[in-house]
Amino acid sequence: MDWGIENRLSRLIREDGRCQFLPIDHGYFQGPTSCLEDPSETIKGLLAYADGLFVTRGVLRASVPPNSPTPIILRVSGGTSIIGADLANETITTSIDEIIRLNAAAVGISIFVGSDYEKQTLTNLSNLVSECEPYGIPVMAVTAVGKELEKRTARYLSLSCRIAAELGARIVKTYYSTEDFDKVIEGCPVPVVIAGGPKCETELEVFEFVYDGIQKGAIGVNLGRNVWQNPHPVAMMRALHAVIHNNATPKEAQGLFEELRNS
Ligand code: 5RP
């Protein structure tokens, strides 16, 4: 692996081989999401605990202090909205010059396998890899499903993750599946991070799926709403840190969450 790629990945993935990314990119297609109306407020207490911040160039410039040591994963796909015809109809939104100027540690792009825009989004990924690799910038592919959350079966996720890796993604972000998640990991030759999805009913549910996903081989998470829509986001972030970086069990994470919440 080239030194530049390796250096950037080592800023995002800790020495233990694990990572906890914090996404705040939701506004790029759904506008001012609940608890993310003012991104600078949302990230205030959380940034210090994140191994990487997933963000668009606009919110990066407007809301993230340039002296923050947290590495940036720049969201570089978009062009659709929640009220538009099809969320899958994405394009690449950010040039390679801008990616370099913003000192991104990595970039992130969605692919929509099985959608009407499968070829377009897979070509977006391929082109982005070809643009970024010469500069040592790793690409993280996001296996997106738009509004069709029921698509998230292990079979579908395996297919999407493998295609993303084949096209050159250095990291793949995908959903956790209760069944056969180990098969999703086994079929993907690059590291996988777990995406969150809508907020769960309880904190324990989050700790359980993250713990199980990590034990089955995921290297970390990219969790947004289940952190910053929680009434105690810092406690949530730190309890997840314990699961990811210290192998805390869901029960131990729950204990830590309650201790931090009450302190
Ligand atoms: C949207 C994304 C987001 O980064 C991700 O889904 C947000 O995380 P969460 O679902 O945990 O709020 O890639 O396509």
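Residues numbered from 1 in each chain as written. Predicted model: local features only at pLDDT ≥ 70, side-chain atom pairs only at ≥ 80, totals over all residues.

Q: Help me out: how do you make sense of the overall build of the protein in this one?
A: Looking only at helices and strands, the protein features twelve helices and ten strands. The C-alpha atoms of the protein give a radius of gyration of 17 Å, which matches the 18 Å a tight globule of 263 residues would have. Its C-alpha atoms put the protein at 50 × 40 × 40 Å along the principal axes. Each of the 263 residues in the protein was classed as buried or not, and the buried ones make up 47%. (Helix = DSSP H or I, 4+ residues; strand = E, 2+ residues; numbered from the N terminus. Rg over C-alpha atoms; globule rule 2.2 N^0.38 Å. Buried ≥ 20, exposed ≤ 12 C-beta atoms within 10 Å, placed from the backbone.)

Q: I keep staring at the site of the ligand and nothing clicks. Help me out?
A: Neighbouring the ligand are 15 residues; P23, V142, G196, G224 and R225 lie closest to it. Its residues assigned to classes, the shell around the ligand comprises six nonpolar, seven polar and two charged. (Near = placed C-beta within 6 Å. Nonpolar A, V, L, I, M, F, W, Y, C, P; charged D, E, K, R; others polar.)

Q: Hey, could you run me through the pairing of strand β2 (residues 52-55) in this one?
A: The side chains of a regular strand alternate, first on one face of the sheet and then on the other. Here β2 shows a buried face lined by G52 and F54 and a second buried face lined by L53 and V55. In this sheet, β2 lies alongside strand β1 (residues 19-23) in parallel orientation, the contact comprising three bridges. Looking at β2, one finds that F21 is bridged to G52. The sheet contact formed by β2 and strand β3 (residues 72-75) spans three bridges and is parallel. Bridged to L53 within β3 is I72. You can see the chain leave β2, run along helix α4 (residues 57-63) and come back into β3, and the turn it takes is right-handed. (Pairing = 2+ DSSP bridges. Right-handed = clockwise from strand over helix to strand, strands pointing away.)

Q: Would you mind going over unusual backbone geometry with me for this structure?
A: For residues besides glycine, phi is generally negative; the peptide bonds are generally trans as well. The backbone of C35 shows a phi angle near 75 degrees, a positive value even though the residue is not glycine. Mapped onto the elements of the fold, C35 is located in the loop between α2 (27-30) and α3 (39-43). On the basis of neighbour counts, which here come to 18 C-beta atoms within 10 Å, the residue C35 falls in the partly exposed class. In this structure, N247 takes a positive phi of about 55 degrees despite not being glycine. As for its placement among the helices and strands, N247 is situated in the loop between α11 (233-246) and α12 (250-262).

Q: What is the right way to read the nonpolar core from this model?
A: Most often, soluble globular proteins keep nonpolar side chains buried together rather than apart. I73, V107, V139, A141 and V210 are the most contacted members of the largest nonpolar core, which totals 81 residues. A total of seven residues in this core trace back to one element, the largest contributor, which is α11. Those residues within four positions of V139 in sequence are excluded, and the remaining contacts are A106, V107, I109, L128, V129, C132, G168, A169 and R170. (Core = buried A, V, L, I, M, F, W, Y, C linked by C-beta atoms within 7 Å. Contact = placed C-beta atoms within 7 Å.)

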